[in-house]
Amino acid sequence: MEIKTIVGLSLIAFSSLMIFICMMRKKEDFFNIRKTICDHLQIFKHCPSKYWIFYGLPLLFSVGLALIYEAGSGFYTELSVILGIILSMLFAILSILTSQDYSTVNDEIQKSKVKRVLKNTTNAIVFDSILSLFLMLYGLVIVVLSGINTIEIPFNTDILKIVASCIAYYIFTIILLNLLFIVKQMSKIIEFNIEVKKDKNK
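This one's a predicted model, so the numbers in the text were calculated from it and none came from an experiment.

Procedures and definitions
Residues numbered from 1 in each chain as written. Predicted model: local features only at pLDDT ≥ 70, side-chain atom pairs only at ≥ 80, totals over all residues. Heavy atoms only, no water. Helix = DSSP H or I, 4+ residues; strand = E, 2+ residues; numbered from the N terminus. Buried < 20%, exposed > 50% of the residue type's maximum accessible area, 1.4 Å probe, protein only. Contact = heavy atoms within 4.5 Å. Areas by Shrake-Rupley, 256 points an atom, 1.4 Å probe, with all protein chains shown as cover. 1 Å grid on protein atoms, 1.4 Å probe; cavity = no way out; pocket = protein on both sides within 12 Å on 5 of 7 lines; lining within 4 Å. Points joined across faces, edges and corners; volume = space filled by probe spheres on them. Nonpolar A, V, L, I, M, F, W, Y, C, P; charged D, E, K, R; others polar. Expected span 1.5 Å × (residues − 1). Bend = angle between axes of the 7 residues up to and from the residue. Phe/Tyr/Trp six-rings, centres within 6.5 Å; stacked < 30°, edge-to-face > 60°. Patch = residues over 30% accessible without salt bridge, like charges linked within 9 Å, V, L, I, M, F, W, Y side chains within 5 Å. Salt bridge = Lys/Arg side-chain N within 4 Å of Asp/Glu carboxyl O. Lys, Arg positive; Asp, Glu negative; His and termini not counted. Charge placed at Lys NZ, Arg CZ, Asp CG, Glu CD. Core = buried A, V, L, I, M, F, W, Y, C linked by side-chain atoms within 4.5 Å.

Draft legend 1. Up close: the overall build of the protein. Looking only at helices and strands, the protein has six helices and zero strands in total. Mapped in sequence order, the helices and strands of the protein form the string α-α-α-α-α-α. Looking at the protein as a whole, 31% of its 202 residues qualify as buried. Considering only intrachain contacts with a sequence separation of at least 6, the fraction spanning at least 24 residues in the protein is 82%. In the structure as shown, the protein presents an accessible area of about 13200 Å², 69% of it carried by carbon and sulfur atoms.

Written out as structure tokens, the structure is:
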């Protein structure tokens, strides 16, 4: 293996580790990814079975896909396009949510419920956005690493390729499931807005 390849791999590994450590710190004011993840996981605290649906079953699904099909550069290229569309949609939904104002709602119980739905939806959007951006960066790294001559590597890389594919499938599946959750939450907000308008017209 060439020296520049070894140096490149070392820089990728070191910088990735440092970025991860910095972003996951408890008192990180800029990114605050740790708090975003914790807040999102709190959504299902009253229904533990949802953790299995949203995170357990997708892992089994992803392992099955990885054993059948190995993700290549073409897959990651198409995936980046899809993720770009998803990100634009998430940001559009987020802009809609920021314009919501329920200060005129008199029923405090209903107001607290819709505010909780808004908070959960916002957390899910931010969480999905983080996963989408991570997956795009992950795909870039995998495409670059796939260009390395595997003959020079002193061990069988087939297992590593399966694991890499499984990670990509798993993250993408979680993104899609959370997208369904966001759509469901948005439908609740729309229904509430319709009810509020009806009450005002009475």
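Draft legend 2. Local environment of the side chain of asparagine 120. On the secondary structure map, asparagine 120 appears in helix H5 (residues 108–146). In this structure asparagine 120 comes out as buried when scored by relative accessible area, which is 17%. Discounting residues that sit within four places of it in the chain, asparagine 120 has contacts with Ile43, Phe181 and Gln185.

Draft legend 3. Just the layout of surface pockets, in detail. Here the second largest pocket defines a volume of roughly 520 Å³. When residues of the lining of the second largest pocket are traced back to their parent elements, those giving at least two are helix H3 (49–68), H5 and helix H6 (158–201). Along the lines of polarity and charge, the residues of the lining of the second largest pocket split into six nonpolar, five polar and seven charged.

Draft legend 4. Main features of H3. The end-to-end C-alpha distance of H3 is 28 Å, a good match for the 28 Å that 20 residues give at a rise of 1.5 Å each. At glycine 56, H3 is deflected by roughly 30 degrees, the largest bend along its length, and proline proline 58 occurs up to four residues later in sequence. All of the buried residues along H3 are Phe54, Tyr55, Gly56, Pro58, Ser62 and Ala66.

Draft legend 5. Region of the structure containing the packing of aromatic side chains. Per the counting criterion, the structure on display carries eight aromatic pairs. When the ring of phenylalanine 54 is compared with that of tyrosine 55, the centres are 6.4 Å apart and the planes differ by 45 degrees; the resulting orientation is tilted. For phenylalanine 54, a relative accessible area of 10% puts it in the buried group. For tyrosine 55, a relative accessible area of 14% translates into the label buried. Measuring from centroid to centroid gives 6.4 Å for phenylalanine 54 and phenylalanine 181, while their planes differ by 90 degrees, and the two rings are edge-to-face.

Draft legend 6. View of a positive patch on the surface. Judged by side-chain charge, Lys113, Arg116, Lys184 and Lys188 come together as a positively charged surface patch. Elements supplying a minimum of two residues to the positive patch: H5 and H6. Along the chain, lysine 188 falls in helix H6. Overall, the relative accessible area of 39% leaves lysine 188 in the partly exposed class.

Draft legend 7. Spotlight on the nonpolar core. Counting 40 residues, the largest nonpolar core has Tyr76 and Leu135 as its most contacted members. Mapped by element, the contributors of at least two residues to this core are H3, helix H4 (73–98), H5 and H6. Sort the elements by how many residues they give to this core and H6 lands first, with 14 residues. Those residues in contact with tyrosine 76 that sit more than four places away from it in its chain are Ala71, Tyr138, Gly139, Ile142, Val143, Ala164, Ser165 and Ala168.

Draft legend 8. A look at the pattern of salt bridges. Per the stated rule, a full pass over the model turns up one salt bridge. Salt-bridge contacts for aspartate 39 lead to lysine 35; the nearest nitrogen and oxygen are separated by 2.8 Å. One end of the pair is aspartate 39 and the other is lysine 35, both in helix H2 (residues 33–41) and four residues apart, which spans about a single turn. Classification of lysine 35 as partly exposed rests on a relative accessible area of 45%.

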